[in-house]
Amino acid sequence: MSPAGVGTSGGPPADPVPSAPDATDPAPSAPDAAEPAPPTAERAEREAGGPPRAAKAPGPPPAGPVTAEAARSASAPLPAAAGRTAPFEVWASRLTAALPQAWHRIPFTIAVIAVTVVVGLVGRTIWRPLWQEGWFPQVAYGVPALQEGRLWTLFTGWFFAITPGQYVSGLLLFAVVVGACEIRMGTRVVAVTALVGEIGGVLLASLLVWALSHTSWPWAVHLATVRDAGFTTGALTVLAVTTAALHSPWRLRIRALLGFYVLVAFLFEGTLSDVAHLLAVAVGFAVGQRLFGVEPGFGPRTRRETRLLAFAGLLAIALTELVVLLFPGAGPFGATGGAATSLLDVLIDVVVVGIVANALRLGKRWAWWVTVVLGGLNALVAVAAVVILVAGGVVTDEAITLGTGVLWIAVLVVLLSNRRAFRVPIRRRLPGGLAASEGDALERARTLLQSVGGSTMSWMTLWPEMHFYFLRDGRGYVGYQRHAGIALALADPVAPPGTIAAAVTEFTEDAERGGLTPCLFSVTDTAAEAARSAGWRTVQIAEDTLIDLPGLAFTGKKWQAVRTALNKAKREGIEFRIVTLAEESFAVLAQVRAISEEWVGDKGLPEMGFTLGGVDEALDPAVKVGLAIDAGGSIHGVTSWLPVYAEGGRVRGWTLDVMRRRTDGFRSAMEFMIASACLAFGQEGYEFVSLSGAPLARGEGSTDLDRTDRLLDKLGGALEPFYGFRSLHAFKAKFSPRYEPVHLAFRDEADLPRIGIALTRAYLPDATPRQLIAAGFSAGGKEPEGH
């Protein structure tokens, strides 16, 4: 039960089909179509429980000429079982067809890869190490090449790699990274950046090592004798420059990952290429930001980005210690092999650091203090080690001590410069948020809704499971539930017109202060636009189905099914009543509960909640309930209607919530009750009714879907056998409504897994893991009721 796309009527009608609420009702040929035609012999046998008749074997094809239509069907793709080579043929044909387009989009990338492959084949370095070739010094760059005046090696070294493994990995890196960046930035920018980055990075690294080799630093002295080759420096430079053209949060995430990689490689491996990578990426960040930056600065933009950066940095330090222990090397500070620390000690450190890092991700204050203390101690140890080494002393595990000390200093800079992002107390809670059962929160929210008005779903924010975040100015609120660390806001903020965007911003800020991830569920275009202007992503999750009441008359061909239901109800003595359920007799209430419990009992999962109300929600005196009753007092169907308030306390429309009928009762009860309610509300002067929307269901015209939309479509398909959302959506189309989109707003795709968990808990709070697993296994073969 919920409008605007988030769940209607606690479930579909008992027989949700587009043409009629029951699959056994034939489509009438006239407005007053009589009883259904008698079933065929085959159908009668099937309904009686007999075995189905065998399908008639197809006869031979006609001897006449093949028509165009037959030719099309004859040329259809073979079924999967028809041949095992079909997948390869499809893949090969798609790849071949994509090559001309790829050449137009990434000509630089393709040209470099082609030349590199040809050079590798001619020089046999694809399968032989380059250093084994006698002409290796003629093409490899490094300090010796500069000393010998072989400046051309700065260019020729690009097309080789030291080992076949590096050759293949370098080609893949160049193809993926530079190809994607060329699509984003254009061929000219990428070509210039790659050439300047490769040649400049290698030249600066060689000159730096040459200068340092005149000192007593063993690492520099050794590196000054090494020759190298490869084409990764240019690729990483291109990526560093391209990050400036990305928007948050991916801009910071890719920069952090790239910066961490080049820094760790330099600290614990320290090859000539690692030095070139570090210099080229640092310069690429600065130059890219100056020329192509779409956002100012390099730091995180939000509390959440800060927390994720600290979380990733702390976890990376722990994992780096583990990797260095398992795969020792030699960097600027010496060899990392032979460390005194045992594997068990490092594993314990990883677990402890992981716990603290996760608390940092949530913005916990205690985790910030623990990390600052640990970072400070590691930084002091690193400084002390430098002093001892300068004084001629000996330091145990100096390479690991100094390397991790540098990483800890980087994490400390992030924590100390963004300390306000870590103020969440031990228990996460949205500041200012109150449960509906706390104090007068529910009455306060109801008063605000009646005062400022709301959307077709706003009444659902007053249900008992909700929490309320009251705006600081006291003029509105946001209704939400808290699950899996998500503050799941339902419907638009209830706030005065023109203040929706400010309410979204305020709710977001305080949710992050409380360590929660904000999400807006089932919001209208107004709230979705406010979220998009703040940098969020939105996807349409449903369509609100609205019927305008002024002048409504069920005339014309499109209303034939509705008129048929009204006429059949009249002939069978079924009448419609709008009542206040709380004021009805025990006998009426008992029948309503029995119909509802019968519907729930037919499902493999418990009754849904969140935007889907039930009998308890229908007992609110402000809710109208429609009943289909026969002359004997038996109830054949029940609907409930939630008020939609305008500013000033006026009810301007009604939203359909509960929508259930007795399985052995009047078959057209749904059409009859909805049509009768529309006529009754129209006579009373209301503007519209909302049939609400089915969650995860869209109209047939919604074809332009991105990957997030497709994910939601798959989820809707998985739940279809149990709740019939899409069948319900199609059923409501017979009332010729107008549609308004309903959206889900979230900050980025990384939030989606936890949002999915939060929605599951919100909609199915009583479902056990066993029920969910059983539903998942049975969904594939079960058809929705009535189909």
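Anything mentioned here points back to the structure above.
Residues numbered from 1 in each chain as written. Predicted model: local features only at pLDDT ≥ 70, side-chain atom pairs only at ≥ 80, totals over all residues. Heavy atoms only, no water.

Visitor: For this particular structure, what's the right way to read the pairing of strand 8 (residues 486-490)?
Guide: Moving residue by residue along a regular strand, the side chains alternate between the two faces of the sheet. Within strand 8, 5 of the 5 residues are buried, which leaves it mostly tucked inside the rest of the structure. Burial along strand 8 is two-sided: the face carrying Ile486, Leu488 and Leu490 and the face carrying Ala487 and Ala489 are both buried. For strand 7 (residues 477-483) and strand 8, the ladder comprises 4 bridges, and the chain directions are antiparallel. Directly across from Arg482, in strand 8, lies its bridge partner Ala487. Adjacent in sequence and paired antiparallel, strand 7 and strand 8 are bridged by 2 residues, among which Ala484 carries a positive phi angle near 50°. (Buried < 20%, exposed > 50% of the residue type's maximum accessible area, 1.4 Å probe, protein only. Helix = DSSP H or I, 4+ residues; strand = E, 2+ residues; numbered from the N terminus. Pairing = 2+ DSSP bridges.)

Visitor: Explanation requested: the packing of helix 21 (residues 560-571) against helix 24 (residues 669-683) in the structure shown.
Guide: Helix-helix packing is described using two parameters, namely the angle between the two axes and the distance between the axes. Look at helix 21 against helix 24: their axes get within 8 Å of each other, and the N-to-C directions meet at 100°. On the basis of their axis angle, the class for helix 21 and helix 24 is roughly perpendicular. Across the interface between the two elements, Val562, Ala565, Leu566 and Ala569 from helix 21 touch Glu671, Phe672, Ala675 and Ser676 from helix 24. Among the residues forming the contact of helix 21 with helix 24, the class breakdown is 6 nonpolar, 1 polar and 1 charged. (Axes fitted to C-alpha atoms, helices over the stretch in contact; angles between N-to-C directions. Parallel < 35°, antiparallel > 145°, perpendicular 65-115°, else oblique. Contact = heavy atoms within 4.5 Å. Nonpolar A, V, L, I, M, F, W, Y, C, P; charged D, E, K, R; others polar.)

Visitor: What should I look at first to understand the environment of Cys678 in this one?
Guide: Mapped onto the elements, Cys678 comes out in helix 24. In this structure Cys678 touches Ile547, Leu549, Leu552, Phe554 and Val689, once residues within four positions along its chain are discounted.

Visitor: Whenever I open this one, the pattern of salt bridges confuses me. Can you help?
Guide: Opposite charge on two side chains permits them to pair, given that their charged atoms come into close proximity. Using the criterion set out here, one finds 20 salt bridges in the structure. Among the salt bridges present, the one from Arg738 reaches Asp548, with a minimum N-O distance of 2.9 Å. With Arg738 in strand 16 (residues 738-746) and Asp548 in strand 10 (residues 537-548), the pair connects residues that are 190 residues apart, well separated along the chain. Overall, Arg738 belongs to the partly exposed group, its relative accessible area being 34%. (Salt bridge = Lys/Arg side-chain N within 4 Å of Asp/Glu carboxyl O.)

Visitor: Explain the side chain of Asp620 here, please?
Guide: If you trace the backbone, Asp620 turns up in the loop between helix 23 (615-618) and strand 12 (624-629). With sequence-adjacent residues up to four places away left out, Asp620 is seen in contact with Arg446 and Trp459.

Visitor: Even after reading the chapter, I still don't get the nonpolar core, so can you show me in this structure?
Guide: If you look at soluble globular proteins, the nonpolar side chains tend to sit buried side by side. Ranked by size, the top nonpolar core spans 42 residues in total, and within it Leu314, Leu360, Leu415 and Phe422 carry the most contacts. Contributions of two or more residues to this core are made by helix 9 (187-212), helix 10 (218-223), helix 12 (250-268), helix 13 (272-292), helix 14 (303-326), helix 15 (343-361), helix 16 (365-390) and helix 17 (398-417). By residue number, the principal contributor to this core is helix 15, which donates 7 residues. By size, the runner-up hydrophobic cluster in this structure holds 41 residues, among which are Trp459, Val494, Phe610 and Val623. (Core = buried A, V, L, I, M, F, W, Y, C linked by side-chain atoms within 4.5 Å.)

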